[in-house]
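Coordinate inspection notes
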Amino acid sequence: MENIEVLLKIKEKYYPSEDIIKKAWIKDYENLYKESLQDREGFWAKVAEELHWFKKWDKVLEWNFPYARWFVGGKTNITYNCLDRHVQNGKRNKLAYIYLDEEGREVKVTYGELLELVCRIANGMKSLGLKKGDRVSIYMPNSVEAIAVMLACARIGVIHSVVFAGFSEGALRTRVKDARAKAVFTASYTQRRGKKIDLISVLEKAIENLDFVEKVILWDRDKEGISSSKGFVDFEELVKEADSFCKAEEVNSEDPLFILYTSGTTGKPKGVLHTTGGYMVQTYYTSKVIFDLHEDDVFWCSADIGWITGHSYIVYGILANGVTSLVVEGAPDYPDPGRWWSYIEKFRVNVFYTAPTAIRMFMKYGEKWPSKYDLSSLRILGSVGEPINPEAWHWYHKNIGRGRCVIVDTWWQTETGAHMVTTIPSYPAKPGKAGKPFFTVEVDIVDKEGKSLPPNTVGLLVIKSPWPSMLRTCWGEPERYEKYWNSIPGKVYNTDDLASYDEEGYIMILGRADDVINVAGHRIGTMEVESALVDHPAVAEAAVIGKPHELKGEIIKAFVILKEGYQPSEDLIRQLKDHVRKELGPIAVPEEIVFVEKLPKTRSGKIMRRILKAKELGLSIGDISTLED
Ligand code: WT7
């Protein structure tokens, strides 16, 4: 990746075409942004009025620092807005999803069919004794079935907690346990590169002795009759036997919608809690105006529902707009690197949303793959998950966008729930810079004391006022929630991202300021990997850092001190990697492991990862201490 000095000097600007501007919902970013700051609450109230409420809110915002409540007193149901509203408006037979798997299977589901499936699952859940406020974990592949389970939870006020199906038993157990899930939905397997990855055995180990898990509901994909032999509830039978309509529960705007676990610097993953009304309004509106969605658009977000990107931009925000979108299971380059482009051609995708790490992978395969396909349907390209380096930006723009499309680089986090900084389609973009704050969003770049920094200086990105889709708390750990708002003086929300803005106010994100590692757009906590390593009998101590990597952004490098009696060896490295894979999953496996005698520590015994990192990058410790705490 380019170095910071080079990045800071980017001046190049790309202007959208007349066609893009003509079509865009919003043509005048600057004025609307200024206006939105004058009346934040009025702005969001107007957006909220585009959606259905059983009872209108009494108050748009109640801000009791650092706790926010949005659309207070309002009653709604997000699934009513995602499904019933469209079915009633003549879209019963419109496609909601086109599901595609690695083997060429194609399943089309209309809004009417999705509503019925969701209702049946919701009724089935009720028959199992699940009720409003209960937590349900979802450990399923990227599929319409998993999405329908999420929506069924929301339909009846059950709080879902989706766990990425690529996580292994330790990671799954931590999440199921922390949420005290009363039931877990799973599937017999998930596809990856032509293989069926078994989910059942992982789940069984993960929930061993967790007595509060009363039911496991299994989607037996190949109808092998596994459910009864395991004592699980069979998903298809549950659906078949349930009533086809379930009225949407009229929930309060601030009733919890879901928990999604994400990594921080310390401790176990945080259960980020999102509630209904504000999350619904902001995911709906950002989908609408940032992806510039119109009635006949076909949208495709290549993320997995196991991450926030999937929650907000495969499921809730996208369905709320009533468009057709793709749900794709499996690897991007399997059976060949033309897979994704063939879908864009076949389904005439208009708006495509992916991550820089995927773009860099396709760069490696070469232009010959996308060039075989007709990508002329594309209008808008999105990027998310990590900074998009200018080289990848240009490749994406030229080879996928064919020079005609705009690129919206969207910066946000699990915690923010929806896009916060981006360049909307009608506004000129600068490659490598996310761009401008979204409407009503007030950001700043500050030092550790909260002092605003001048342009072209690197500091911490903070958000100065509450926004509708912000996290409301960390599940069971309010002190961790409060830390977001009190770690920097000035009552601001600390994103823990390093950023800088230029003279024109374009914001560039440079990466995490904390010890969180961003591997291929996946957020991994150093602590979690270290704990998994230390859990192995040979390991006395471990420290992990993120090391820059051409394709993945960062990879994990581990420094390990062995216990007495253990010798460094290639075989032991393999064992340690296997151990982390089994505990946390493939994405958390350190690509490099080295054995050391000692680790740099503070007087109080805290491992100084930044020293390890500075050494790794060949920097002096001083160089890096300006970047990291
Ligand atoms: C972190 C949040 C929210 C989407 C998926 C990741 C990094 C996210 C961008 C972007 C530069 C980005 C940040 C952020 N990030 N989008 N467009 N440019 N960096 O969600 O797992 O909660 O991770 O991803 O470092 O803090 P997440």
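Placed above this text is the structure.
Just so you know, these numbers come straight off a predicted model, no measurement behind them.

**Some words on the overall build of the protein chain**
A count of helical and extended segments in the protein chain gives 22 helices and 32 strands. Expected size for 629 residues packed as a compact globule is a radius of gyration near 25 Å; at 24 Å, the protein chain falls within 12% of this value. Here the C-alpha coordinates of the protein chain stretch approximately 65 × 60 × 55 Å along the principal axes. Buried positions account for 63% of the 629 residues belonging to the protein chain. Summarising the internal contacts of the protein chain: among those between residues at least 6 apart in sequence, 72% fall at separations of at least 24. A total of about 24,200 Å² of accessible surface is found on the protein chain, and carbon and sulfur atoms cover 50% of it. Each charge class in the protein chain was averaged separately, 84 positive and 89 negative side chains, and the resulting centres sit 1 Å apart.

**Quick notes on the site of the ligand**
As a structural note, the neighbourhood of the ligand is formed by 17 residues, with D409, T410, T414, D497 and R523 the closest of them. Contacts to the ligand include Q413, whose side-chain N or O atom sits 2.9 Å from an oxygen atom. Taking T414, its side chain carries an N or O atom lying 2.5 Å from an oxygen atom of the ligand. Taking 550 Å² as the accessible area of the ligand by itself, protein coverage stands at 95%. Within the residue set of the shell around the ligand, elements represented by two or more residues are α13 (308-320) and β27 (507-512).

**Observations regarding the pattern of salt bridges**
Any two side chains of opposite charge can pair, on the condition that their charged atoms come close. Going through the model one piece at a time under the given rule, you end up with 49 salt bridges. A salt bridge links E616 to K557; its shortest N-O distance comes to 3.0 Å. One end of the pair, E616, is in helix α21 (residues 609-617); the other, K557, is in strand β31 (residues 553-562), with 59 residues separating them in the sequence. Relative accessible area serves as the criterion here: at 24%, E616 is assigned to the partly exposed category. What you see here is one network of salt bridges that share partners, running through K13, K430, K433, D502 and E504.

**Considering the state of the cysteines**
In the structure shown here, the tally under the stated rule is zero disulfides. With no disulfide of its own, C119 has C246 as its nearest cysteine by sulfur position, at a separation of 5.5 Å. Using a relative accessible area of 1% as the deciding quantity, one classes C246 as buried.

**With respect to the pairing of strand β2 (residues 67-72)**
Here five bridges tie strand β1 (residues 59-64) to β2, and the two strands are oriented antiparallel to one another. Across the sheet, the residue bridging to E62 is R69, located in β2. In this antiparallel pair of consecutive strands, β1 and β2, the connection spans two residues.

**So, the environment of T495**
With respect to the helices and strands, T495 occurs in strand β26 (residues 493-501). Relative accessible area serves as the criterion here: at 2%, T495 is assigned to the buried category. In this structure, the C-alpha to C-alpha distance between T495 and V462, residues 33 residues apart in sequence, is 5.7 Å. The contacts of T495, once residues within four sequence positions are left out, are W411, Q413, L461, V462, I463 and R512. Separated by 3.0 Å, the side chain of T495 and the backbone nitrogen of D497 make a polar contact.

**Remarks on the sheet that holds strand β14 (residues 256-262)**
Strand order in this open sheet of eight strands is β12-β11-β8-β6-β7-β14-β15-β25, and the pairing throughout is mixed. Two strands in the sheet have a free side with no partner beyond their single neighbour: β12 (233-234) and β25 (473-474). Here strand β7 (residues 159-162) pairs with β14 via two bridges, running parallel. In the sheet register, H160 faces β14, and the bridge partner there is F258.

**What to know about the pairing of strand β9 (residues 189-192)**
Consecutive side chains along a regular strand alternate between the two faces of the sheet. Pairing geometry for β9 and strand β10 (residues 195-198), over four bridges, is antiparallel. Residue pairing in the sheet places Y189 in a bridge with D198 of β10. Taking the residues that link successive antiparallel strands as the turn, the β9-β10 hairpin has two residues, and the phi of R193 there is positive, at about 50 degrees.

**Here's the deal with the sheet that holds β26**
The strand order across the open sheet built from four strands is β23-β24-β26-β27, with neighbouring strands paired in antiparallel fashion. Only two strands of the sheet have a single neighbouring strand rather than two, namely β23 (443-446) and β27. On average, each strand axis in the sheet is tilted by 45 degrees relative to the strand beside it, whichever way the strands run. Examined bridge by bridge, strand β24 (residues 459-463) and β26 share four bridges and lie antiparallel to one another.

**So, unusual backbone geometry**
Among all residues save glycine, negative phi is the norm, and among peptide bonds the norm is trans. Backbone torsion omega between F65 and P66 reads 0 degrees, so that peptide bond is classified as cis. Residue position: P66 is located in the loop between β1 and β2. Cis peptide bonds are those with omega within 30 degrees of zero, and the linkage from Y334 to P335 qualifies with 0 degrees. Looking at where P335 falls in the secondary structure, it is placed in the loop between β17 (324-328) and α14 (339-347). If you check the backbone angles, R402 has positive phi at about 50 degrees while not being a glycine. Counting through the fold element by element, R402 comes out in the loop between α17 (390-400) and β20 (406-409). Here R402 falls in the partly exposed class, since its relative accessible area comes to 33%.

Rules used throughout
Residues numbered from 1 in each chain as written. Predicted model: local features only at pLDDT ≥ 70, side-chain atom pairs only at ≥ 80, totals over all residues. Heavy atoms only, no water. Helix = DSSP H or I, 4+ residues; strand = E, 2+ residues; numbered from the N terminus. Rg over C-alpha atoms; globule rule 2.2 N^0.38 Å. Buried < 20%, exposed > 50% of the residue type's maximum accessible area, 1.4 Å probe, protein only. Contact = heavy atoms within 4.5 Å. Areas by Shrake-Rupley, 256 points an atom, 1.4 Å probe, with all protein chains shown as cover. Lys, Arg positive; Asp, Glu negative; His and termini not counted. Charge placed at Lys NZ, Arg CZ, Asp CG, Glu CD. Near = heavy atom within 4 Å. Polar contact = N/O pair within 3.5 Å; in protein donor to acceptor, adjacent residues only side chain to side chain. Salt bridge = Lys/Arg side-chain N within 4 Å of Asp/Glu carboxyl O. Disulfide = S-S within 2.5 Å. Pairing = 2+ DSSP bridges. Axes fitted to C-alpha atoms, helices over the stretch in contact; angles between N-to-C directions.

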